[in-house]
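# Structural features, examined
So you can see what is in the structure, the chains are spelled out below.
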Amino acid sequence: MEIKPLLFSEEEIRNILSSITEEEIEEGKRISLSSLEDLVFVRGEPGGAVVYDIDGRPYIDMTAQAWTLNVGYSHPDVVYAAALQAKVLNHVRYGFPTIPRLKLMKKLKEIFGFERVALNTQGGGWSLETAMKLAMVNKPGAELFMVSWRGYHGNSLVMTAASHPLPVLIRFKPFGLERFVRFPYPYCYRCPFHRKYPECGAGLCLEFVEKTIRYCTWGNIAGIIIEPIQGPGGHVPAPREFLKGLREIADKYGIYLIFDEAQTAFGRVGAWSASQLYGVKPDMMTLTKGLGGGFPVGAVLAREGIKGLSYPEEHTTFGGNPVPYAAALINIMVIEKLGLVERARELGEYATKRLRDMMERIELIGDVRGPGLYIGVDLVKDRETKEPATEEAEEVVGRALEKGVIFALDMPDIYGEEFTMRNVVKLKPPLVIKKEELDKALDVLEESLIEVSREYGYSYSKA
Ligand SMILES: Cc1ncc(COP(=O)(O)O)c(C=O)c1O
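A brief structural summary. (Residues numbered from 1 in each chain as written. Predicted model: local features only at pLDDT ≥ 70, side-chain atom pairs only at ≥ 80, totals over all residues.)

The seven strands are arranged 4-12-11-10-7-5-6 in an open sheet whose pairing can be described as mixed. The open sheet terminates on both sides in strands that have one partner only, identified here as strand 4 (116-121) and strand 6 (180-183). Shown here is a sheet whose adjacent strand axes are inclined to one another by a mean of 20°, direction ignored. Where strand 5 (residues 144-148) lies against strand 7 (residues 221-226), three bridges are found, and the strand directions are parallel. Directly across from Leu144, in strand 7, lies its bridge partner Ile221. (Pairing = 2+ DSSP bridges. Helix = DSSP H or I, 4+ residues; strand = E, 2+ residues; numbered from the N terminus. Axes fitted to C-alpha atoms, helices over the stretch in contact; angles between N-to-C directions.)

What follows is the structure in structure tokens.
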């Protein structure tokens with residue numbers, strides 16, 4: 001494929017996009033209304049897990065950039081698909097079907113086994129708002145949604161209300177907060193009901209949901225929105241019994257069950273989705289992140305019988321843009337061709353085993369939670385009280401960055417010890433990560449944990 005600029009030379013455009021002075025960086029940061037990190041990344045290893053900063057320093061990326069680049073940075077096939085599509089037709093208005101859009105819907109239907117697909121969004125929160133509209137249109141009169149403690153669903157004003165009401169977000173007085181009814185997420189490591197799983201069978205968690213529906217609402221719940229494995233809120237896998245029970249409750253009361261699979265799909269958990277892993281099928285499922293291979297795209301999948309929205313109810317300017325759809329379609333084919341679902345399962349088991357071994361020796365690690373390459377390492381000050389080791393976790397992640405590995409933490413801790421946030425180190429690298437890179441990242445994590453343990457006075461021993 002040949003692409004030639006018309007008004008500028010190739011060199012001019014390349015120079016504009018790839019070189020910058022220190023002064024320009026400083027100025028850009030001053031102008032920016034958004035809070036920006038120090039590092040300026042300039043390129044990623046094509047189809048790999050390594051990213052380079054402006055000084056040419058490589059980093060192993062254990063975050064896949066907000067858990068998105070399952071096929072690695074700038075995967076050549078994905079980039080080719082996007083460039084080709086951009087070359088021939090880079091935009092159409094929302095209602096027009098295009099070849100990538102039609103084929104992507106078919107692909108999503110086949111992989112996830114849902115009969116209907118809505119492709120009109122560029123992200124996760126937005127997809128959830130579409131799912132909410134679908135639930136309301138299909139259940140006229142229903143106006144409430146149930147959401148979980150510590151859930152995170154996006155940053156629009158409505159999704160802020162749907163998410164756990166972190167005080168940092170609450171200062172916006174989220175729009176529509178009164179539309180959301182909350183229930184405790186079954187966080188077994190720190191059980192909200194002080195029970196023990198699996199003995200409890202998630203019974204109290206389910207009872208709470210059902211009683212809330214019966215006693216605190218009046219048949220006006222449109223949907224239950226839940227992350228099957230809670231991501232930003234602490235990396236918490238729900239017990240299978242809970243999701244199965246939720247399915248039964250949703251059926252019993254005629255409520256749409258909506259899984260937010262922004263983080264958990266496209267191989268990340270060692271299956272195409274968490275729903276498939278758990279064997280629990282929601283009525284609707286929302287997707288983004290790993291869907292686009294680095295391009296902004298979101299989707300809602302829905303079961304047969306759910307009727308769609310009308311044009312004015314769902315129209316968006318870029319909702320029909322074929323470039324991310326072309327990228328997403330080829331991205332899924334790359335995942336299939338490279339066997340990344342199985343790879344995530346295998347590498348995930350390997351990494352989890354190594355982390356559990358570290359946990360035997362390093363007191364600071366309270367828990368290791370998978371599945372697949374979707375791992376959270378919960379750092380605690382005390383294994384009995386499980387008090388979150390937030391400062392220590394920040395320190396560990398900072399040191400690892402200095403050693404060339406990027407890890408990330410969960411959402412900020414606001415409520416202190418009761419709501420444990422920002423003490424869970426996340427390991428969610430591109431699924432294409434090489435075994436040696438994964439080993440290096442785990443070595444760096446261990447070194448950093450040991451350094452911090454030594455300084456903060458926690459016991460540890462080396463392997
Ligand atoms: C579980 C979950 N749901 C929804 C979202 C929101 O996605 P977006 O930022 O694309 O709106 C995120 C983003 O981090 C997420 O992790």
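Turning next to unusual backbone geometry. The omega torsion across Tyr197 and Pro198 is 10°, close enough to zero to call that bond cis. Examined against the element boundaries, Pro198 turns out to sit in the loop between strand 6 and helix 9 (203-216). With an omega of 10°, the peptide bond between Gly370 and Pro371 qualifies as cis. Along the polypeptide, Pro371 turns up in the loop between strand 13 (365-369) and strand 14 (375-379). Even without glycine at this site, Arg150 takes up a positive phi of about 60°.

The buried count for strand 14 comes to five of five residues, which makes it a mostly enclosed element. On strand 14, burial covers both faces: Ile375, Val377 and Leu379 on one face and Gly376 and Asp378 on the other are all buried. Inspection of the sheet shows strand 13 paired to strand 14 by four bridges, in the antiparallel sense. Of the residues in strand 14, the one forming a bridge with Arg369 is Gly376. The hairpin turn running from strand 13 into strand 14, its antiparallel successor, is five residues long, and Gly372 in that turn takes a positive phi close to 60°. Pairing analysis gives four bridges linking strand 14 to strand 17 (residues 424-427), with the strands arranged antiparallel. Bridged to Ile375 within strand 17 is Leu427. (Buried ≥ 20, exposed ≤ 12 C-beta atoms within 10 Å, placed from the backbone.)

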